[in-house]
Amino acid sequence: MTRVGRRNVAMLTIAPTGTVSICTQTTSGIEPVFMVAYKRRRKVNPNDKDVHVTFTDVNGNSFEEYNVFHHKFITWLEVNGYNVDEVLHYDDEKLNAVIAQSPYYKATANDIDWVNKVKMQGSMQKWVDHSISVTVNVPKETTEELVSQIYMTAWESGCKGMTIYRDGSRDGVLVSKDEKKEKKEPQNGSRPDDIRETAAPPRPKELECDVVRFQNNYEKWIAFVGILHGKPYEIFLGKAEGFFLPPYVEKGVIIREKTKGEASRYDFRYTDKDGYEVMMQGLSRSFNKEYWNYAKLISGILRHGMPIQYVINLVQNLNVDEDNINTWKNGIARALKKYVPDGVVDEKEKCPNCGEKLVFEDGCKHCKNCGYSKCG
């Protein structure tokens, strides 16, 4: 360097040693083991043979889960006379007892002192030109104050880079083995982290319902939107001329009557101004049969938790030749827009004035930049 000068912008940098160590089957150096035992997910095509889909993310991507041990933990098992294939099939209690005997016990990324780990990184940093890729893994319940302390300590220690991963902050490919197995009933439109498969919550016999009226071109239409856990669970709609409902009726109950060997019948019940319950039997017979079948398909998508804005885009992009169906799909979209949470960004549609993405507010799309509104 004294003779020809410096030719490189930097001499040393340290890549993600946790990932590299998995690829090379070596130790991870100053990066502690993330987990001794965990599950991995690999992306799969659900239509392939011999594939068991155990997890589907919010974007509809399918994954297959399998158990994995850290490679150095496997080495420790072999040195200490364990049959690795047998240990892979241990239940959590038995496996945890084995892990407790290993040198990795209480020494994984989630066990160590996070602030001291950052200080250690700072001690190494003065010998490295570029940043050191080290991830500080913190538990799900970590406070904002601790995150702030970690970043401040990194700055004070002279670190040139810092990454924090909070457990459960995204749908990743690593899953803790002691993750709760108890299945919680998923709410429509969301999927709890510990649900491995998409499973529509069962429909109760009686389902609360919103009545949504709107003008579709020159026709008056009416939609019945079944609500479960505050989210649309099913939707049926048609021309209002087929329904004799007082204009003040905005809510009611959809009742499914099931007779063995016959198709389910859906009835609608509402309360009149005097407090008496009024029953409309055979709600399904009031709809065009083709509309009813399409509505059942859309309802199936809603039940499995697809976010409302994506359901709307799906319906609006259906390619149909008949004008009647086009009118129907526009009606579905209009009825569902009121259920899109305020602040959701439409990733596909941009403002025609300034090109910014549109945002849902009060069931309509608005531009936060220039004030444009699709509703006028």
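Looking only at helices and strands, one finds 9 helices and 15 strands in the protein. Classification of the 376 residues of the protein by burial places 39% in the buried group. Residue pairs at least 24 apart in sequence account for 55% of intrachain contacts in the protein once pairs closer than 6 positions are excluded. When the accessible surface of the protein is totalled, it reaches about 22,800 Å², and 49% of it is carbon and sulfur.

A separate point is the nonpolar core. With 40 residues, the main nonpolar core has Phe224, Ile235, Leu245, Phe268, Trp328 and Leu336 as its most contacted residues. Looking at this core, the element that brings in the most residues is strand E8 (residues 219-228), giving 6 residues. For isoleucine 235, the contacting residues outside a window of four places in its chain are Phe224, Val225, Ala295, Ile298, Ser299, Leu302, Ile332, Ala335 and Leu336. With 14 residues, the next largest nonpolar core counts Phe73, Trp76, Leu77 and Tyr104 among its residues.

So, on to the sheet that holds strand E14 (residues 357-361). Pairing between sheet strands relies on hydrogen bonds along the backbone, with the strands arranged either parallel or antiparallel. Across the sheet, which stays open at both edges, the 3 strands sit in the order E13-E14-E15 with antiparallel pairing between neighbours. In the strand order of this sheet, the two ends are held by strand E13 (345-350) and strand E15 (364-366), each with one partner. Neighbouring strand axes in the sheet, compared pairwise and without regard to direction, differ in orientation by 45° on average. Here 2 bridges tie E13 to E14, and the two strands are oriented antiparallel to one another. Residue pairing across strands places lysine 350 opposite lysine 357, the latter belonging to E14.

To continue, consider a nonpolar patch on the surface. On the surface, Ile30, Met120 and Met124 cluster together to form a nonpolar patch covering roughly 220 Å² of accessible area. Structurally, methionine 120 is set in helix H5 (residues 114-125).

Under the counting rule described, the total for this entry stands at 6 aromatic pairs. Relative to tyrosine 266, the ring of phenylalanine 236 lies with its centre 5.6 Å away and its plane at 55°, an arrangement referred to as tilted. On the criterion of sequence distance, the pair formed by phenylalanine 236 in strand E9 (residues 231-239) and tyrosine 266 in strand E11 (residues 265-271) is long-range, its members being 30 residues apart. Neither phenylalanine 236 nor tyrosine 266 differs from the other in exposure class; each is buried. Members of the aromatic cluster, each reached through a chain of ring pairs, are Phe69, Phe73, Trp76 and Tyr82.

Note that serine 299 resides in helix H7 (residues 289-303). Taking relative accessible area as the criterion, serine 299 reaches 0% and is therefore assigned buried. Here the side chain of serine 299 touches isoleucine 235 through a polar contact of 3.1 Å, landing on its backbone nitrogen. Once you skip the residues sitting within four places of it in the chain, serine 299 turns out to touch Tyr233, Glu234, Ile235 and Phe236.

This part is about helix H2 (residues 71-79). For H2, every residue scored as buried is listed here: His71, Phe73, Trp76 and Leu77. Once H2 ends, the next one or two residues include glycine 81, with phi positive near 80°.

Throughout the structure, instances matching the rule amount to 8 salt bridges. Measuring nitrogen to oxygen at the nearest pair gives 2.7 Å for the salt bridge that ties aspartate 210 to lysine 251. With a gap of 41 residues between them, aspartate 210 in strand E7 (residues 206-216) and lysine 251 in strand E10 (residues 251-257) connect regions that are remote in the sequence. In this structure, arginine 265 engages aspartate 267 in a salt bridge whose closest nitrogen and oxygen atoms are separated by 2.7 Å. Classification of aspartate 267 by relative accessible area gives buried; the value is 2%. Each of Arg203, Glu234 and Arg303 takes part in salt bridges that share partners, so that together they form one network.

As a further point, take the confidence of the model for the protein. Parts of the model with low pLDDT should not have their predicted coordinates read in detail. Looking at the protein, the pLDDT average stands at 79 and 85% of residues meet or exceed 70. Within the protein, strand E6 (residues 174-176) has the poorest average pLDDT of any element, 56, and helix H6 (residues 144-156) the best, 91. Below a pLDDT of 50 lies the segment residues 180-197, which in the model reaches 45 contacts outside its immediate sequence neighbourhood of four places, other chains included.

Here valine 311 is to be found in helix H8 (residues 308-316). For the pair valine 311 and lysine 337, spaced 26 residues apart in the sequence, the C-alpha separation amounts to 9.8 Å. Valine 311 has contacts with Ile298, Ile301, Leu302, Met306 and Leu336, leaving out every residue within four places of it along the chain.

This part is about H6. Between its first and last C-alpha, H6 extends 18 Å over 13 residues, near the 18 Å set by a 1.5 Å rise per residue. Listed in full, the buried residues belonging to H6 are Leu146, Ile150, Thr153 and Ala154. Projected down its long axis, H6 shows its buried positions confined to an angular sector of 105°, all on one face. For H6, the exposed residues lying more than 90 degrees away from the buried face are Glu144, Glu145, Trp155 and Glu156.

This paragraph deals with the environment of methionine 11. Within the secondary structure, methionine 11 sits in the segment before helix H1 (17-24). The sequence separation of methionine 11 and valine 128 amounts to 117 residues, and the corresponding C-alpha distance is 7.8 Å.

Let's shift gears to the pairing of strand E5 (residues 163-166). As defined by bridge partners, strand E4 (residues 135-138) adjoins E5 across 4 bridges and the pair is classed as parallel. Counted as the bridge partner of valine 136 is isoleucine 164 from E5. In this region the chain leaves E4, passes through H6 and returns to the parallel neighbour E5; the handedness of that crossover is right-handed.

Thresholds applied
Residues numbered from 1 in each chain as written. Predicted model: local features only at pLDDT ≥ 70, side-chain atom pairs only at ≥ 80, totals over all residues. Heavy atoms only, no water. Helix = DSSP H or I, 4+ residues; strand = E, 2+ residues; numbered from the N terminus. Buried < 20%, exposed > 50% of the residue type's maximum accessible area, 1.4 Å probe, protein only. Contact = heavy atoms within 4.5 Å. Areas by Shrake-Rupley, 256 points an atom, 1.4 Å probe, with all protein chains shown as cover. Core = buried A, V, L, I, M, F, W, Y, C linked by side-chain atoms within 4.5 Å. Pairing = 2+ DSSP bridges. Axes fitted to C-alpha atoms, helices over the stretch in contact; angles between N-to-C directions. Patch = residues over 30% accessible without salt bridge, like charges linked within 9 Å, V, L, I, M, F, W, Y side chains within 5 Å. Salt bridge = Lys/Arg side-chain N within 4 Å of Asp/Glu carboxyl O. Phe/Tyr/Trp six-rings, centres within 6.5 Å; stacked < 30°, edge-to-face > 60°. Polar contact = N/O pair within 3.5 Å; in protein donor to acceptor, adjacent residues only side chain to side chain. pLDDT = per-residue confidence, 0-100. Expected span 1.5 Å × (residues − 1). Arc of directions from axis to C-beta. Right-handed = clockwise from strand over helix to strand, strands pointing away.

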